[in-house]
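Close look at the chain arrangement
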Number of protein chains: 2
Amino acid sequence: MQSLKVLGLGVGAAALLGLGVILGHFAIPKGANQPAPQDLDLEVLETVMRQLDASRIREDLRELSREPHLSSSPRDEALVQLLLQRWRDPVSGLDAAEAPQYEVLLSFPSQEQPNLVEVVGPTGDILHTCRQREENLTGEQGGPDVVPPYAAYGPPGTPQGLLVYANQGTEEDFKELQTQGIKLEGTIALTRYGGAGRGAKAVNAAKHGVAGVLVYTDPADINDGLSLPNETFPNSWHLPPSGVERGSYYEYFGDPLTPYLPAKPSSFRLDLTNVSGFPPIPTQPIGFQDAKDLLCNLNGTSALATWQGALGCDYKLGPGFRADGDFSADSQVKVSVYNRLELRNSSNVLGIIRGAVEPDRYVLYGNHRDSWVHGAVDPSSGTAVLLEISRVLGTLLKKGTWRPRRSIVLASWGAEEFGLIGSTEFTEEFFSKLQERTVAYINVDISVFANATLRVQGTPPVQSVVFSATKEIRSPGTGDLSIYDNWIQYFNRSSPVYGIVPSLGSLGAGSDYAPFIHFLGISSMDIAYTYDRSKTSARIYPTYHTAFDTFDYVDKFLDPGFGSHQAVARTAGSVLLRLSDSFFLPLNVSDYSETLRSFLQAAQQDLGALLEQHGISLGPLVTAVEKFESAAEALDQHISALQKGSPDTLQVRMLNDQLMLLERSFLNPRAFPEERYYSHVLWAPHTGSTATFPGLANACSTAKDTDPGSEAWAEVQRQLSIVVVALEGAAATLRPVADL
Amino acid sequence: MQSLKVLGLGVGAAALLGLGVILGHFAIPKGANQPAPQDLDLEVLETVMRQLDASRIREDLRELSREPHLSSSPRDEALVQLLLQRWRDPVSGLDAAEAPQYEVLLSFPSQEQPNLVEVVGPTGDILHTCRQREENLTGEQGGPDVVPPYAAYGPPGTPQGLLVYANQGTEEDFKELQTQGIKLEGTIALTRYGGAGRGAKAVNAAKHGVAGVLVYTDPADINDGLSLPNETFPNSWHLPPSGVERGSYYEYFGDPLTPYLPAKPSSFRLDLTNVSGFPPIPTQPIGFQDAKDLLCNLNGTSALATWQGALGCDYKLGPGFRADGDFSADSQVKVSVYNRLELRNSSNVLGIIRGAVEPDRYVLYGNHRDSWVHGAVDPSSGTAVLLEISRVLGTLLKKGTWRPRRSIVLASWGAEEFGLIGSTEFTEEFFSKLQERTVAYINVDISVFANATLRVQGTPPVQSVVFSATKEIRSPGTGDLSIYDNWIQYFNRSSPVYGIVPSLGSLGAGSDYAPFIHFLGISSMDIAYTYDRSKTSARIYPTYHTAFDTFDYVDKFLDPGFGSHQAVARTAGSVLLRLSDSFFLPLNVSDYSETLRSFLQAAQQDLGALLEQHGISLGPLVTAVEKFESAAEALDQHISALQKGSPDTLQVRMLNDQLMLLERSFLNPRAFPEERYYSHVLWAPHTGSTATFPGLANACSTAKDTDPGSEAWAEVQRQLSIVVVALEGAAATLRPVADL
């Protein structure tokens, strides 16, 4: 029995050891060698949300906007140093920061010969001279660093001619003037901002023989009609009568001399004679105070009702001034422009927090740094948010309490105001690396246009992460409403999938996201707080690109208390952390199905009949959309199954690669050879107003008045094939990776 | 004591359990949940090498080449079914196989009106008619499925004129004729294969007013001078006098009607009037028997010594025949071509073995299936190797003894002979997916040109894996020599890094690798056995593209015993397995450093002085090469360190992504807009013979005779920038992934 007992004891010991082995293998979480997949840490997220501080944003904004910091100016470079110092701070900085430079072509007014707009009487006497600077209302408009109003890249020249009023300077506007029998050859056209891009006004004008262009901001378009000094800044947020919107009149983006190449000192540069996209004729912006003097004295027939504005007179078309006005009837307007092109060094500032698990996956977050004058709103409201996010993340990083799963790259772009130059050169220099590795690009330029609601532009894959983030953040000044619940009251749409949801806008080329989405095909978004459209019809915040866009303007009128700035910081910060830290990449690619279906329906509705008349079937497009939809649906099921199981890091990496790279499959660098940098077949610019496939819509618009069999109709078919192939290719990237 | 004992027993049990837990956690290799990284299994590799069977390759070749299988013919489609059946075989097949079709534009001779080449006397009588078919020497040349010799895509027409001899039909050859005072307008030019591409002969001829082109193969170029029936097939491997090389005379590749778009039925197709790249004038290939009748009767001065051939007479230039020859002096040659363009369905066959660990990484291996006639060598020698590799791998797969780490995709391309059409359409259809996921493309077209030595063409990253594979395989018929050791005797170079090594050729556009390397930027290679160049100067194996390329030709002359076929199967199979199964991807990207350095040195030597004269510095290129070299060296050290440690799968995946995607960073779709599909800035075609940066070399060649300040010199600077940016971008992808 004894021996049996011992045996029994031996068996028991073996069994216990065996049980332990099994327990050890299955029950202990994988430790040092195989850590549990690093996922978004909700406590870290909560800490970040809590620490993003409105008063620090305010203080940063004060410093950033203390002086004018025009691109490549000494103050712009001083801010480069400020950013480097912050991002290299041992207590709250990032892992590394650099400030690479590009040598880019900028355009400035001459310091010796100021640009001038004058009314010249028949004997050559000067009857009126428009202001050369804005009025010094707050003591900040008079300094030597305040660049006088000008149209960047507008050519020098001194045209003189009879004045005409050309409304917004669109192609239609000039045709209307022609229809009215007005001879445009040799005239000066007074136009107002809006309707057409800045450069487009001069391009359209030149086609009709116009010799020079003036541009002003009508109080009807920016001030809800108000124009008196006591109604405007510094007494309200409205634009003062002397305020002038500066801006780039270049039609493309990126350094004009180095398209598709980074503007390194040794890079090939186009000869100036081969540069396209500059305004063809001298152009100068003026304030509405001066515009009123010109416009309210015009001769001729009354302009259309839709062309009238809020200057308090009947807008006439010209040409020339009326005899009973302030100027003699045969007076002309002389526009003297002395702008100069200069090669300048412009810096980007780049900072990185290296990813702990997938350092080769980048979440990019950027804003430009350069302003026209003080640029408190544009761009410093965004830069202040960027600095605050970097401070909070940097502090956690330096304390050792957090490191993101993926790498986070923060960027302060240079020379955006001249045409998104810093960001574009960056995408040209690191094309391959960025295209292979970038998860998403977040842009926060002007962070607060106004304090009513969030506004997000982005491609469909970013919708869900923005929704997730904004549902968890309190909206400023609205009690207990989340940003999401507040947002949905201002911008919403009925989604066939989700019901009523906030509506995201689509991405044009208004800020530095443009090269990322259009050239690299990286899922991108632009985040800001903005207007209650029931309260204002202003095109944009009234002091945009003027010398009145100052700290006090923000502090007193735009966002007192900086709650909206904080809301944007929290939104962008949450989206950033979710993208950098989530084990499963929070890009919902199946949200593209809804977009494609709506583009298809719009194409069927708007173009279907025309196409059918020309024997072109949308059938292949229908099939392609269906293929995308079913691939996306199947992928969603795959994701759900993975999330319920315990997938290893490689399985999730493979899935995440599909999600990250979907946007790339919509790129076709040969789709729109005329549209520099635009390769994304879904978001390229298009002429019509319908949200549909841009290449197809544009080609139809060109072809519709041509004969069957024309090259234009061939182009319609080519564009149809291009989008079909892109959608089929996109569907193929979503299908199981080892399907044939 | 009892209680103590129990306690003791309890303590012991707990300790045992605890020990077991610890053992279980640390000692048991990670099992089902976390398998040890799956790596190349040398036993599997050895099994595959052993099982690749020469006699099965021989039997497959017999079946594949039993009947002519011109693209899209019934026999071509029958072979599609044969491949599908093999790849779907339950015992030796793959995971899945499909045969997608494209609708492509092919060119065939008319069946009703045969193409004719005649000598027409002054009164219109026919003095000589060239053969319309090859002589039926083995009973295989007479069948209805033997397509008569023709120049595919040559336009129909019946030009008639005096005959001239234009050597190889290069631009220089026609200039030489001009210099000799020979009027080319309206003539028929007799040219020989070699020197210029097929289509280029007609293009060059047409520029000089030539009305029609004949092309023949000179025995000096293909038969080491032999030409008599008893010296040629079926009595030797040499080309019989009636043999004619067929071929595509299209200058680009891919379906001519759908550039950059997959040729789906619904795809946009160019109008024929907008198609470029077809020969501009009627063209017809003939045998050297007929060529002799024409050439040896020519009038005029003797051709240059370098223009003479082995037809046994003095080659004269013409124009027209000599009075004392077989034809009257004013006889002309009439070329009647009735080729027709037809839209045809052409199939690719695709098979997949799904990867066990990284199914989203593809190793592609392909060859075309279509032939001109029986195509025993071209392409069936490659297809037989493909089938044997798929049988061996499929058998291991179906037995459950092996599954690759990554997915293996096998492809049998259609319509290669007409211009790499099947493979090109495939790359157009799945552009995004392939570019994101493909590790490498292996091409084995003609597997055996001759049985002397291995010959590999490929980009630098594939060199090391080919070396590793070939060092382990016995060379056929050379005792104990490895394939590597045999190879190095025939093709070698002195590498600054490795000393004397076999030299890889670079990839042109001779087979289906072209769209993969040039359009997609995927590291590619082409593998074959080939000649002892000390024993033959034949341009290519003599029966290339003729009706004499039959099974017996291979079995008796090219590779009796099929040892070379087996050697190629083992080489390609080993390379394939190493690429699909190795944990660390065996692509040695740092081998690009040597190439870049040699390209740079060649540029400095050949172009440096010229560039300096024009104020263009190669300095930025030097810097870029240095950056690449140091990034590659640092990456090598990183790899060594990783390999010494125990890296997790994600770390190695990230590294492998860098290795896989390096080749992509050399792509620039805007670099060579005129060169369809060529986007790789290092391997695009170039005019000179120096191995250097092609864009730069071409631009210099165009610019060198133009004035400083010309557009051509601007293009030189642009090309220099393009290559600098590509190299800098490539270096950036090799640097640590979280470096700024």
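Residues numbered from 1 in each chain as written. Chains lettered and ligands numbered in written order. Predicted model: local features only at pLDDT ≥ 70, side-chain atom pairs only at ≥ 80, totals over all residues. Heavy atoms only, no water.

**Some remarks on the overall build of chain A**
Counted only if it meets this: A run of DSSP states H or I qualifies as a helix once it reaches four residues; a run of E qualifies as a strand once it reaches two. Both are numbered from the N-terminal end. Note on method: radius of gyration uses C-alpha positions; expected globular size equals 2.2 Å times residues raised to 0.38. Residue burial is assigned from relative accessible area. The probe radius is 1.4 Å, only protein chains are included, and a residue is buried under 20% of its type maximum, exposed over 50%, and partly exposed in between. Working rule for contacts: check all heavy atoms of both residues, and any pair within 4.5 Å makes them a contact. Note on areas: Shrake-Rupley with a 1.4 Å probe; residue coverage comes only from the protein chains shown. Only four residue types enter the charge count: Lys and Arg as positive, Asp and Glu as negative, with His and the chain ends excluded. A charge is said to be at NZ when it belongs to Lys, at CZ for Arg, at CG for Asp and at CD for Glu.
Looking only at helices and strands, one finds 21 helices and 21 strands in chain A. On C-alpha atoms alone, chain A measures out to a radius of gyration of 29 Å, which is about the 27 Å that the 2.2 N^0.38 rule sets for 740 residues. Projected onto its principal axes, the C-alpha positions of chain A cover 135 × 65 × 55 Å. Taking all 740 residues of chain A together, 62% fall into the buried category. Restricting to contacts in chain A with at least 6 residues of sequence separation, those with at least 24 account for 79%. A total of about 26,200 Å² of accessible surface is found on chain A, and carbon and sulfur atoms cover 51% of it. For chain A, the distance from the average position of its 58 positive side-chain charges to the average position of its 84 negative side-chain charges is 6 Å.

**Looking at the sheet that holds strand 6 (residues 160-161) of chain A**
Keep this limit in mind: Paired strands, in this sense, are two strands between which DSSP finds at least two bridges.
The 4 strands are arranged 4-3-12-6 (chain A) in an open sheet whose pairing can be described as antiparallel. The sheet is open, and its two borders are formed by strand 4 (126-129) and strand 6 of chain A, each paired with just one other strand.

**Section: empty space enclosed by the protein**
What counts is decided by this rule: Grid points spaced at 1 Å and placed over the protein atoms alone form the basis of the search, with a cavity being a set where a 1.4 Å probe fits but cannot get out and a pocket an open set showing protein on both sides within 12 Å along at least five of seven lines. Lining residues have an atom within 4 Å of a point. Grid points are joined across faces, edges and corners, and a volume is the space filled by probe spheres set on the points. Residues are sorted three ways: Asp, Glu, Lys and Arg are charged, Ala, Val, Leu, Ile, Met, Phe, Trp, Tyr, Cys and Pro are nonpolar, and all the rest, Gly among them, are polar.
Taken as a whole and assessed by the stated rule, the structure comprises 9 cavities of 30 Å³ or more. By volume, the largest cavity is sized at about 640 Å³. Lining the largest cavity we find 31 residues, and of these A:Phe431, A:Gln435, B:Phe431, B:Gln435 and B:Arg664 sit closest to its centre. Going through the elements one at a time, strand 15 (358-368), helix 11 (431-437) and helix 19 (649-662) of chain A together with helix 11 (431-437) and helix 19 (649-662) of chain B are the ones with two or more residues in the lining of the largest cavity. Counted by class, the lining of the largest cavity contains 12 nonpolar, 7 polar and 12 charged residues.

**A look at the environment of A:Glu594**
Counting through the fold element by element, A:Glu594 comes out in helix 17 (residues 591-613). Not counting residues up to four positions away in its chain, the partners in contact with A:Glu594 are A:Arg493, A:Ser495, A:Pro496, A:Val497 and A:Tyr498.

**Digging into the confidence of the model for chain A**
Residues and elements named next belong to chain A. Inclusion rule: The predictor's confidence in any single residue is recorded as pLDDT, a number from 0 to 100.
Here chain A averages 94 in pLDDT, while 95% of its residues score no lower than 70. Contacts for the low-pLDDT stretch residues 1-35, under 50 throughout, to residues beyond four places or in other chains number 41 contacts. Taken together, the chains of this predicted complex give a pTM of 0.94 and an interface ipTM of 0.93.

**Observations regarding the state of the cysteines**
Residue and element names in this part refer to chain A. Here is the rule: Disulfide assignment relies on a single distance test, namely cysteine sulfur atoms paired within 2.5 Å.
As enumerated under the stated definition, the model contains 2 disulfides over all chains in all. Paired by a disulfide, Cys296 and Cys313 hold their sulfur atoms 1.9 Å apart. Between Cys296 and Cys313 the disulfide shows an S-S torsion of about -80°. By sign, it is left-handed. With Cys296 in the loop between helix 8 (288-295) and strand 12 (332-336) and Cys313 in the loop between helix 8 and strand 12, this pair connects stretches of sequence that are 17 residues apart.

**Things to note about helix 8 (residues 288-295) of chain B**
Side chains three or four residues apart in an α-helix point the same way, a direct result of the helix having 3.6 residues per turn. Heads up, the condition is: The reported arc concerns the directions from the helix axis to the C-beta atoms and nothing else.
Of all the residues in helix 8 of chain B, the buried ones are B:Phe288, B:Asp290, B:Ala291, B:Leu294 and B:Leu295. Relative to the axis of helix 8 of chain B, the buried residues are bounded by an arc of 150° and lie together on one face.

**A word on the nonpolar core**
Applicable threshold: Buried residues of nine kinds, namely Ala, Val, Leu, Ile, Met, Phe, Trp, Tyr and Cys, make up a nonpolar core once their side-chain atoms join them within 4.5 Å.
Judged by nonpolar contacts, the single largest core of 233 residues is most densely connected at B:Leu682 and B:Phe693. Beyond its immediate chain neighbours, meaning those up to four positions away, B:Phe693 contacts B:Leu596, B:Phe599, B:Leu600, B:Ala603, B:Leu621, B:Leu682, B:Val723 and B:Leu727. The next biggest cluster of nonpolar side chains, apart from the first, holds 232 residues, and it includes A:Leu52, A:Tyr216, A:Phe551 and A:Leu642.

**Re the sheet that holds strand 8 (residues 188-192) of chain A**
Residues and elements named next belong to chain A. Note the cut-off: Interaxial angles span 0 to 180 degrees and are taken between N-to-C directions of axes, which are lines fitted to C-alpha atoms, for helices over the stretch in contact.
With parallel pairing, 4 strands are arranged side by side in an open sheet as 7-8-9-11. The open sheet has two edge strands with one neighbour each: strand 7 (163-165) and strand 11 (283-286). For this sheet the average axis-to-axis angle between neighbouring strands, irrespective of direction, equals 25°. Bridge analysis of strand 9 (residues 212-216) against strand 11 gives 4 bridges, and the strand direction is parallel.

**Description of the pairing of strand 21 (residues 524-530) of chain B**
Residues and elements named next belong to chain B. Within strand 21, 7 of the 7 residues are buried, which leaves it mostly tucked inside the rest of the structure. Burial along strand 21 is two-sided: Ser524, Asp526, Ala528 and Thr530 facing one way and Met525, Ile527 and Tyr529 facing the other are all buried. Pairing analysis gives 6 bridges linking strand 18 (residues 453-458) to strand 21, with the strands arranged antiparallel. When the bridges of strand 21 are listed, Val456 appears paired with Ile527.

**A look at the side chain of B:Asp512**
All names here are of chain B. Heads up, the condition is: A side-chain nitrogen of Lys or Arg and a carboxyl oxygen of Asp or Glu constitute a salt bridge if their distance falls within 4 Å. We define a polar contact as two N or O atoms separated by no more than 3.5 Å, with the added condition that, inside protein, one atom must be a possible hydrogen donor and the other a possible acceptor, whereas residues neighbouring each other in sequence contribute only through side-chain atom pairs.
Here Asp512 lies in the loop between strand 20 (499-502) and helix 14 (513-519). Although Asp512 lies buried, it forms no salt bridge, and the closest oppositely charged side chain, Arg369, sits 9.4 Å away as judged by the N-O distance. At 2.6 Å, the side chain of Asp512 and the side chain of Ser423 are in polar contact. Not counting chain neighbours up to four residues away, the residues in contact with Asp512 comprise Asn367, His368, Trp413, Glu416, Leu420, Ser423, Tyr441 and Asn443.

**Quick word on the packing of aromatic side chains**
Residues and elements named next belong to chain A. So the rule is basically this: Each Phe, Tyr or Trp ring, with Trp reduced to its six-membered ring, pairs with another whose centre is within 6.5 Å; inter-plane angles below 30 degrees give stacked pairs, above 60 give edge-to-face pairs, and intermediate values give tilted ones. For a ring to carry a charge above it, either NZ of a lysine or CZ of an arginine must fall within 6 Å of the ring centroid while also lying within 35 degrees of the normal to the ring plane.
What the rule picks out here adds up to 80 aromatic pairs over all chains. Judged by centre distance (5.1 Å) and plane angle (20°), the rings of Phe253 and Tyr677 are stacked. Taken together, the residues span a long stretch of sequence, with Phe253 in the loop between strand 10 (247-248) and strand 11 and Tyr677 in the loop between helix 19 and helix 20 (694-703) at a distance of 424 residues. Aromatic ring contacts, followed pair by pair, group Phe233, Trp237, Phe449, Tyr531, Tyr541, Tyr544, Phe548, Tyr553 and Phe557 into a single cluster. The residue whose ring lies beneath Lys471 is Tyr484, and the NZ or CZ to ring-centre distance is 4.7 Å.

**Observations regarding unusual backbone geometry**
A cis amide bond links B:Gly318 to the next residue, B:Pro319, at an omega of 0°. Structurally, B:Pro319 is set in the loop between helix 8 and strand 12 (332-336). Of note, the bond from B:Asp378 into B:Pro379 is cis; its omega dihedral lies within 30 degrees of zero at 10°. Tracing the backbone through its elements, the reader meets B:Pro379 in the loop between strand 15 (358-368) and helix 9 (380-399). Positive phi, normally seen in glycine, also occurs at A:Asp224, with a value near 50°. In the Ramachandran plot, A:Ala415 falls in the positive-phi region, its phi being about 55° despite a non-glycine side chain. Tracing the backbone shows A:Ala415 in the loop between strand 16 (406-413) and helix 10 (421-429). Classification of A:Ala415 by relative accessible area gives buried; the value is 0%.

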